[in-house]
Amino acid sequence: MKVLIATEKPFAPSAVQGITKELTTAGHEVVLLEKYKEMTELLEAVKDADAMIVRSDKVTPEVLDAAKQLKIVVRAGAGYDSIDTAYAKEKNVIVENTPGQNSNAVAELVFGMLVYAVRNFYNGKAGTELMGKKLGILAFGNVGRNVARIAKGFGMEVYAYDAFCPVEAIEADGVHACKSQEELFQSSDIVSLHIPATPQTVKSINYQLVNMLPKKGILVNTARKEVINEEELLKLMEEREDLKFMTDIMPDADIEFKKFDGRYFSTPKKMGAQTAEANTNAGIAAAKQINAFFATGDTTFQVNK
Ligand code: 3PG
């Protein structure tokens with residue numbers, strides 16, 4: 001079978017080697033399309049692919065229509081909001097993700113951004129420490145749990161809210177379980193977002209919610225830009241000069257946020273999962289899932305059932 005690795009943001013070279021080895025050992029042919037600039041390049045490359053590994057690459061109806069042989073797409077990562085899963089289902093294309101494989105990398109970046117924030121963007125002035133501060137984790141999935149683990153190492157008090165995770169499971173991890181998003185924002189000095197982008201969560205991080213953060217609150221986003229109501233957050237940051245917003249996903253209103261000098265930071269490109277380890281874990285998991293699918297029809301990680 002022909003397996004296309006289509007990554008606008010490439011994996012680390014060592015990960016590409018590992019993925020290729022995994023697939024070729026199982027008898028598949030590998031085609032690599034990295035750093036493509038135009039959709040036409042992807043449309044051309046996908047034409048005769050039987051399987052495809054992607055990251056945040058957009059798998060639109062146009063891509064699925066062009067992919068006449070495609071049987072399976074594996075998103076090497078967690079969030080699959082960039083894939084039209086319903087249209088893939090219509091076309092009998094299996095969509096899978098590789099949950100948990102890159103979550104430690106994302107969690108570590110949260111703390112990279114937080115230390116930068118509390119030390120005033122390394123401007124030389126006295127900042128504060130994370131130890132003893134209250135960290136609120138919104139959604140206690142794979143990334144949220146890793147954030148909680150690392151936060152305890154910093155000596156932080158950890159809170160979490162997850163609409164789908166039982167309170168007992170949160171508390172079993174030594175984390176205070178909040179009953180609502182509102183309670184989480186009220187209880188935390190810092191809130192870290194780990195919710196997926198769904199119709200329910202889009203723009204849910206709004207003026208009213210973020211305004212519940214106490215003085216000198218910090219909002220950190222390593223999830224998806226869509227979950228933030230940018231217009232309302234801009235208004236709030238205008239009104240509250242104590243708030244900081246650290247994000248690994250450049251907002252659409254990046255230029256407007258940039259005027260909050262020393263209170264706003266965005267990575268130029270989503271960096272959370274961009275480590276050799278995360279690339280290798282997620283990429284090899286994707287390759288193994290493709291091998292299993294062609295060998296036995298296994299669809300354990302299917303997300304468009
Ligand atoms: C994910 O959903 O797995 C993360 O957001 C990482 O995305 P990326 O592969 O585009 O870096």
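Residues numbered from 1 in each chain as written. Predicted model: local features only at pLDDT ≥ 70, side-chain atom pairs only at ≥ 80, totals over all residues. Heavy atoms only, no water.

A.B. asks: Could you clarify how one ought to interpret helix α1 (residues 13–25) in this entry?
C.D. replies: The periodicity of an α-helix, 3.6 residues per turn, causes residues three or four places apart in sequence to face the same way. For α1, spanning 13 residues, the distance from its first C-alpha to its last is 18 Å, which sits close to the expected 18 Å at 1.5 Å a residue. For α1, the secondary structure elements touched by its buried residues are β1 (2–7), β2 (29–34), β3 (51–54) and α12 (276–296). Just beyond α1, the residue with positive phi is Gly27, at close to 95 degrees. (Helix = DSSP H or I, 4+ residues; strand = E, 2+ residues; numbered from the N terminus. Expected span 1.5 Å × (residues − 1). Contact = heavy atoms within 4.5 Å.)

A.B. asks: Explain the site of the ligand here, please?
C.D. replies: In the vicinity of the ligand, the residues found are Lys9, Arg55, Ser56, Arg75, Gly77, Ala78, Gly79, Asn102, Arg224, Lys270 and Ala273. A distance of 2.8 Å is found between an oxygen atom of the ligand and a side-chain nitrogen or oxygen belonging to Lys9. Here Arg224 contributes a side-chain N or O atom positioned 2.8 Å from an oxygen atom of the ligand. Its free accessible area being 320 Å², the ligand has 94% of it covered by the protein chains. A class-by-class count of the residues in the shell around the ligand yields 2 nonpolar, 4 polar and 5 charged. (Near = heavy atom within 4 Å. Polar contact = N/O pair within 3.5 Å; in protein donor to acceptor, adjacent residues only side chain to side chain. Areas by Shrake-Rupley, 256 points an atom, 1.4 Å probe, with all protein chains shown as cover. Nonpolar A, V, L, I, M, F, W, Y, C, P; charged D, E, K, R; others polar.)

A.B. asks: How should the domain arrangement of the chain be read in this particular structure?
C.D. replies: Accessible area lost upon the coming together of the parts is a frequently used measure of interface size. What the domain assignment reports for the chain is domain 1 (2–101 + 274–296) and domain 2 (103–266). Taking only C-alpha atoms, the centre of domain 1 and the centre of domain 2 are 30 Å apart. Listed by partner, the interface residues are 8 residues for domain 1 and 5 residues for domain 2. Across the domain 1 to domain 2 interface the summed buried area is about 460 Å²; carbon plus sulfur atoms make up 43%. Across the contact surface, domain 1 and domain 2 share 2 residue pairs in polar contact (both at pLDDT 80 or more). (Domains from an automatic or database assignment. Buried area = accessible area lost by both parts, 1.4 Å probe.)

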